[in-house]
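Below, each chain spelled out in residue letters.
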Amino acid sequence: MAAQITPLVMPKWGLEMREGTVAGWLVEEGARLEVGTPVVDVETDKISNAVEAPDPGLLRRKVARDGERLPVKALLGVLAEADVPDADIAAYIAAYEVPAADDEGEEAAPAYAWAEVDGIRVRYARRGPEGGVPVLFLHGYGGDLGNWLFNLDALAATAPVIALDLPGHGQSDARLPGTSLAELSAFVDAFLAQIGVDRVHVVGHSLGGAIGAQLALDHPQRVASLALINAAGLGAEINADYTRGFASAASRRELKPVVEQLFADPSLASRQMVDDLLKYKRMDGVGELLDALQGALFANGRQAETPGLRLAERDVPLLVVWGAQDRVIPVAHAGHAPPRATVQVLEGAGHMAMMEQAGEVNALLKRHIGA
Amino acid sequence: MARKISMKQAINEALDQEMTRDPSVILLGEDIVGGAGGNGERDAWGGVLGVTKGLYAKHGDRLLDTPLSESAYVGAAIGAAACGMRPVAELMFIDFMGVCFDQIYNQAAKFRYMFGGKAQTPVVIRTMVGAGFRAAAQHSQMLTPLFTHIPGLKVVCPSTPYDTKGLLIQAIRDNDPVIFCEHKNLYGFEGEVPEASYTIPFGEANVVREGKDVTLVSYGLMVHRALDAAAALARDRIEAEVIDLRTLSPLDLDTVLESVAKTGRLVCVDEANPRCSIAADISAQVAQQAFAALKGPIEMVTPPHAPVPFSPALEDLYLPGAAQIVAAVKRTLEGGRH
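Residues numbered from 1 in each chain as written. Chains lettered and ligands numbered in written order. Predicted model: local features only at pLDDT ≥ 70, side-chain atom pairs only at ≥ 80, totals over all residues.

### Quick notes on the overall build of chain B
So, step 1. Counting its regular elements, chain B contains 12 helices and 14 strands.
So, step 2. In terms of C-alpha radius of gyration, chain B reaches 20 Å, essentially the compact-globule figure of 20 Å for 338 residues.
So, step 3. Its C-alpha atoms give chain B principal-axis dimensions of about 70 × 45 × 40 Å.
So, step 4. Per-residue burial over chain B gives 52% buried out of 338 residues. (Helix = DSSP H or I, 4+ residues; strand = E, 2+ residues; numbered from the N terminus. Rg over C-alpha atoms; globule rule 2.2 N^0.38 Å. Buried ≥ 20, exposed ≤ 12 C-beta atoms within 10 Å, placed from the backbone.)

Structure, rendered in structure tokens:
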């Protein structure tokens, strides 16, 4: 009986998330939901996003009220078909308990791993099943593995996932192996060798996409498939106000309008997100290396390297995803991909398409890697 | 960032990393090594509360254990700074600063100005501030306003381990004299602190909680009391914005004004005595610059204009708590224009 009832629960977006606030229901009770239908908005200190329907069905009951602050996995609502009696729904809600022990298990297990590659210590996360070709996530300029908070767990349900903080980023050492895409992708190649992984599905965002494309050119044996999300390396233009602004912003006041350019909905640039970025930028050495990367790869609004345009030389399966409202790299670059690529432009997303349209992006990625 | 350390450890780590990075950084103070000159263990103590413990073993004679002579070693630190060193002098309690005032406000604070910008004095004077430690009237004061009064001095008073490490590294790298105030009741307070070195610029307040109904401005230990009050107010559906000034000179008045423009109400929470305090200063500046935005009277929450009592019961009453802050918020909400 319970198998016909699907709980809609408070999601866990990233390792630090413990609770979230219900910011507003997007559908009424009785509405028909498909997989991926946005159902309810949830806010955390770091981010706001919509919780999507995990299964098709009717929204039979809203359990959580607007404004309510609830722990991860708390029951938000209940999905079931029309033939499930109301009494069963009520019984399910009454019997639901928030699973708590799981959280302690996660606390006990090391959240992140560390590897030393070419003398640079890098942080990475590795999750999901043991077997299969892992999915490697490469974040963009100034980002870190937290950029994938809506994607890692979703993909880890079907395939092993690996996400690293690129050198000079996140909690990895504030040093670069070089500022060319060849040096950066050679570092990723060495990282994979170091952790004993031969072959990966590469998912790259922005600068990470350009690094992924370069990896496919220089180390093709590593790359089972390539997914480029709002990627650099597919054309010449890039918004210099963004790249220069990100490198030079020294205060919250300066950084906030820069970060807002990342999203179709600027309100997603939360205070916590800006604070976390400032904390990163204030680490010794980071300012200099952001300047160096910016100067080498994106000087004066021009991308110095375009490995994505040479991907026709390789027969690696290719997915190109772009947020239609990207204000950093023009969405027109999606059309520069080789003809065999699957190209998807997503409305309602800016440069951070994997955050703003997480459900869509996750579904595209799963299909792409054949999971 | 997962690593949590105490404020005391954050200070130790900042000093250690800057001494490692820059050989011109030296430490001076009473008992900062402990046992020097005697027959016992060389690194026995590390200061009266153990903040500098372990640094002597790594950096040796760049830590100078001084006699009980604040006027002498603070003067020596200022002179050394004028000659190219980056000394960090530890003056156990801010209450003892009186005996070396000429060195601080007539010399260190004036060099850059009087030598036409050709001299700089990159000295840091670390000192413990604040009440609640059962240490009586001569070891418990919050004398921050004495120093913000002097042009040429920078004054810092952090509230978290993260801010403490970044602000202390900034203080050491800064080319002006910095009075670095450490609340002794926050030494054991733990928080997430990155292992690598980083800085926090002076003159940037931190909005530690966002809200739309009232602005609470504070620094040091009182930030935590203001946060307690904000949590209590939230239960009554009053959303308080809490601003941690972090540095008192320079002062980030812009962040306060932006917040007051949004909330229309201001409560200043200050552990210093009320007359001519940080709270009085901010109240006056906001009244001058944002009068039109105010929807209610500005409130100040401070101790009484009295020395810190030695009686534990009285000392607990002396320090402002969340209840007084909540009461002040309700006064400004009720006494307001509609």
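So much for the structure itself; the text now carries on.
### Considering the overall build of chain A
So, step 1. A count of helices and strands for chain A gives 11 helices and 16 strands.
So, step 2. For chain A, the C-alpha radius of gyration of 21 Å lies close to 21 Å, the compact-globule estimate for 371 residues.
So, step 3. Considered along the principal axes of its C-alpha atoms, chain A spans approximately 65 × 45 × 40 Å.
So, step 4. Expressed as a percentage of its 371 residues, the buried residues of chain A come to 45%.
So, step 5. Across chain A, contacts joining residues at least 24 apart in sequence account for 67% of those joining residues at least 6 apart. (Contact = placed C-beta atoms within 7 Å.)

### Some details on the packing of helix 1 (residues 7-21) of chain B against helix 7 (residues 161-173) of chain B
All names here are of chain B.
So, step 1. Relative orientation of the contacting elements helix 1 and helix 7 amounts to 30°, with a least axis distance of 8 Å. For the element pair helix 1 / helix 7, the angle class is roughly parallel. In terms of crossing hand, the pair formed by helix 1 and helix 7 is right-handed. Taken together, the residues of helix 7 that come into contact with helix 1 (itself represented by Met7, Ala10, Ile11, Glu13, Ala14 and Glu18) are Pro161, Thr164, Lys165, Leu168, Ile169 and Ile172.
So, step 2. Across the contact of helix 1 with helix 7, the residue classes break down as eight nonpolar, one polar and three charged. (Axes fitted to C-alpha atoms, helices over the stretch in contact; angles between N-to-C directions. Parallel < 35°, antiparallel > 145°, perpendicular 65-115°, else oblique. Left-handed = near helix turned anticlockwise from the far one by under 90°. Nonpolar A, V, L, I, M, F, W, Y, C, P; charged D, E, K, R; others polar.)

### Looking at the interface of chain B and chain A
So, step 1. Every contact between the two is made by 13 residues of chain B and, on the other side, nine residues of chain A.
So, step 2. Tallied by class, the residues present in the side of chain B that touches chain A amount to eight nonpolar, three polar and two charged.

### Quick word on helix 12 (residues 322-334) of chain B
Residue and element names in this part refer to chain B.
So, step 1. With 13 residues, helix 12 ought to run about 18 Å at 1.5 Å a step, and its terminal C-alpha atoms sit 18 Å apart, in line with that.
So, step 2. Considered for burial, the residues of helix 12 that qualify are Ile325, Val326, Ala328, Val329 and Thr332. Take helix 12 and look down its axis: the buried residues cluster within an arc of 160°, on one side only. Residues of helix 12 that are exposed and angled more than 90 degrees away from the buried face: Ala323 and Glu334.
So, step 3. Where helix 12 is buried, its residues touch strand 10 (214-218), helix 8 (221-235), strand 11 (240-244), strand 13 (266-269) and strand 14 (299-301). (Expected span 1.5 Å × (residues − 1). Arc of directions from axis to C-beta.)

### Let's talk about the confidence of the model for chain A
So, step 1. Of all residues in chain A, 96% attain a pLDDT of 70 or more, and the chain-wide mean is 92.
So, step 2. Predicted confidence is poor over residues 103-108 of chain A, with pLDDT under 50, and the contacts of this stretch with residues over four places away or in other chains come to one contact. (pLDDT = per-residue confidence, 0-100.)

### Notes on the sheet that holds strand 9 (residues 206-209) of chain B
Residue and element names in this part refer to chain B.
So, step 1. On the basis of which strands lie adjacent, the open sheet formed by five strands has the order 9-11-10-13-14 and mixed pairing. Looking along the sheet, the strands with just one partner apiece sit at the ends: strand 9 and strand 14. The sheet shows a mean angle of 25° between the axes of neighbouring strands, taken without regard to direction.
So, step 2. Bridge count for strand 13 against strand 14 is three bridges, and the pairing is parallel. Bridge pairing in strand 14 links Val267 to Glu299.
So, step 3. Packing of helix 8 onto the sheet brings it into contact with strand 9, strand 10, strand 11 and strand 13, and relative to strand 11 it is tilted by some 170°.
So, step 4. Where helix 10 (residues 278-289) meets the sheet, it contacts strand 10, strand 13 and strand 14, and its direction lies at approximately 160° from that of strand 13. (Pairing = 2+ DSSP bridges.)

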